[in-house]
Amino acid sequence: MPADYTPATIASVRRLRDSLEEQGKKLVFTNGCFDLLHAGHVRYLEQARALGDAMVVALNSDHSVRQLKGPERPLNPENDRAEVMAALRAVDAVVVFDDERATTLIEAIRPHVYAKGGDYTVESLNREERTALEAAGTQISILPLVPGRSTTRTINKMHGGVSAAPSSLPVAAPLEAGTLRLAVLGSGAGSNLRAIIAAIAAGTLRAEIAVTITDQPTSSFREIARTTGLPALYVDGGENPRRLSDAAQKEIFEHLERARVDVVVLAGFMRILKEPVISAYAGRIVNVHPSLLPKFKGANATQLAIDEGELESGCTVHLVTAEIDAGRILAQAKVPVNIGDTAETLHARIKVEEHKLLPQVLNEWRERGLPVRGAGAP
Ligand code: GRF
């Protein structure tokens, strides 16, 4: 029996690149998970290879595929994926990498051409990878996607959720009766995430957390997700701490689609979610906010309640729309504002209520049946 396939080393790919350069030739680099090869991949790889004289494919390791796509992926182990990939006519070498980003590989290999699928634009490439490519003088080429072919579509189809007709986006699979598939997004302490996990464990919320996403890689939120064994994805939101770059908006959308999520829960997610998520998940995104909306929108809600001399404050669970903290109110809970309260003491009292209210709203939502994609409200 032939031995298992061994992927190439970074050093050998760098030697290949240097020898091509000596001959005035070019090395093309592309990267991805390539979990379940389909004709779209093959055509994309052929086009990418045509941009130079040899091509290396950097394949996400099993660990990094799990980080990117959740615990049910990859479908095939890395050495098998590498072996299948290396057998393609367009591919000269395959390396396996363990990070969520290919930055280190780009820096070590310094390819002449970098190819990426057309669901990206040069602007929406990951910032770190783009900086590394620019530093290496690499030409960036975005190639058109082959419509109607994607691994996610194939997987959804196996789950029985998607018709065979090609469409531009994968569609969520039908709900398992009565169980809500949640995505929870957060940036900070993660106490609301913990409360949702506890409610699920206690059986008071019939749901599963399909994915968690954070813009803060070292946050307690992410730590809680990890230690609970949940997919704990990190998305680089870009430089502005309140905004999400276009690339990040798109990356989050893709994560939600892959995870086949019913409801998106913003639990202390500090950046503003916009398109494409807002439209695709309209009526299915909830936020928890530490004030009695419509009073005190925005980031300083607890301090504002104190400054305004309020006698009571509380929390609001509401639907998320393009306008900040303005979507339909689903539920509120009140707490007193005590003499001598600081923003922190008041916030701590409010959080106690949030931890009850948010799981309760989600469960009621489940009991009443979910809105279909694009519907207005639960
Ligand atoms: C909560 O108070 C929520 O109302 C606000 O952000 C805070 C998140 O807290 N949007 P945690 O990270 O869930 O502990």
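Before reading on, note that the structure itself is shown above.
Conventions we followed
Residues numbered from 1 in each chain as written. Predicted model: local features only at pLDDT ≥ 70, side-chain atom pairs only at ≥ 80, totals over all residues. Heavy atoms only, no water. Buried < 20%, exposed > 50% of the residue type's maximum accessible area, 1.4 Å probe, protein only. Helix = DSSP H or I, 4+ residues; strand = E, 2+ residues; numbered from the N terminus. Arc of directions from axis to C-beta. Near = heavy atom within 4 Å. Polar contact = N/O pair within 3.5 Å; in protein donor to acceptor, adjacent residues only side chain to side chain. Nonpolar A, V, L, I, M, F, W, Y, C, P; charged D, E, K, R; others polar. Pairing = 2+ DSSP bridges. Axes fitted to C-alpha atoms, helices over the stretch in contact; angles between N-to-C directions. Contact = heavy atoms within 4.5 Å.

> Sorry if this is basic, but what is going on with helix H2 (residues 39-49) here?
Since one α-helical turn is 3.6 residues long, residues separated by three or four positions face the same way. By the burial criterion, the buried members of H2 are Gly-40, His-41, Tyr-44, Leu-45 and Ala-48. End-on, the buried residues of H2 take up no more than an arc of 125°, which puts them together on one face.

> I tried to follow the site of the ligand on my own but got confused; where do I start?
Contacts to the ligand come from Gly-188, Ala-189, Gly-190, Ser-191, Asn-192, Gly-268, Val-288, His-289, Pro-290, His-347, Lys-351 and Glu-354. Between the ligand and the protein, one listed contact pairs an oxygen atom with a side-chain N or O atom of Lys-351 at 2.7 Å. Take Glu-354: an N or O atom from its side chain is 2.4 Å from an oxygen atom of the ligand. Elements that contribute at least two residues to the shell around the ligand include exactly helix H8 (191-202), strand E10 (285-289) and helix H13 (343-368). Ranked by the residues each element gives to the shell around the ligand, the list is headed by H13, at 3 residues. Each residue belonging to the shell around the ligand can be placed in one class, and the counts come to 3 nonpolar, 7 polar and 2 charged.

> Help me understand the sheet that holds strand E4 (residues 113-117), please; the structure alone is not making it clear to me.
Hydrogen bonding along the main chain pairs the strands of a sheet, whether they run parallel or antiparallel. The strand order across the open sheet formed by 5 strands is E3-E2-E1-E4-E5, and the pairing between neighbours is parallel. Taken across any chain shown, the strands that pair with only one partner, and hence form the sheet edges, are strand E3 (93-97) and strand E5 (139-143). Looking at each pair of strands side by side, their axes are set apart by 25° on average, direction ignored. Bridge count between E4 and E5: 5 bridges; the pairing is parallel. Across the sheet, the residue bridging to Lys-116 is Ile-142, located in E5. Contacts from H2 reach strand E1 (27-32), strand E2 (54-60), E4 and E5, with the element oriented near 135° to E2.

> How do you make sense of the pairing of strand E11 (residues 312-319) when you look at a structure like this?
Residues in a regular strand point their side chains to alternate faces of the sheet. Within E11, 7 of the 8 residues are buried, leaving the element largely enclosed by the surrounding structure. Relative to E11, E10 runs antiparallel, the two sharing 4 bridges. For His-289, the partnering residue across the bridge sits in E11 and is Thr-316. Across 7 bridges, E11 lies against strand E12 (residues 329-336) in antiparallel orientation. Each bridged residue has a counterpart across the sheet, and for Thr-316 the counterpart in E12 is Gln-332.

> Before we go on, may I ask you to explain unusual backbone geometry in this structure?
Most peptide bonds are trans, and most residues other than glycine sit at a negative phi. For the bond running from Glu-275 to Pro-276, omega is 5°, close enough to zero to count as cis. Position of Pro-276 relative to the elements: it lies in the loop between strand E9 (263-266) and helix H11 (277-280). Residue Pro-294 follows Leu-293 across a cis peptide bond; omega there is 15°. Looking at where Pro-294 falls in the secondary structure, it is placed in the loop between E10 and helix H12 (301-307). A positive phi angle, close to 50°, is found at Arg-110, a residue other than glycine. The backbone phi angle of Asp-325 is positive, close to 50°, even though this residue is not glycine. You can call Asp-325 buried: its relative accessible area is 12%.

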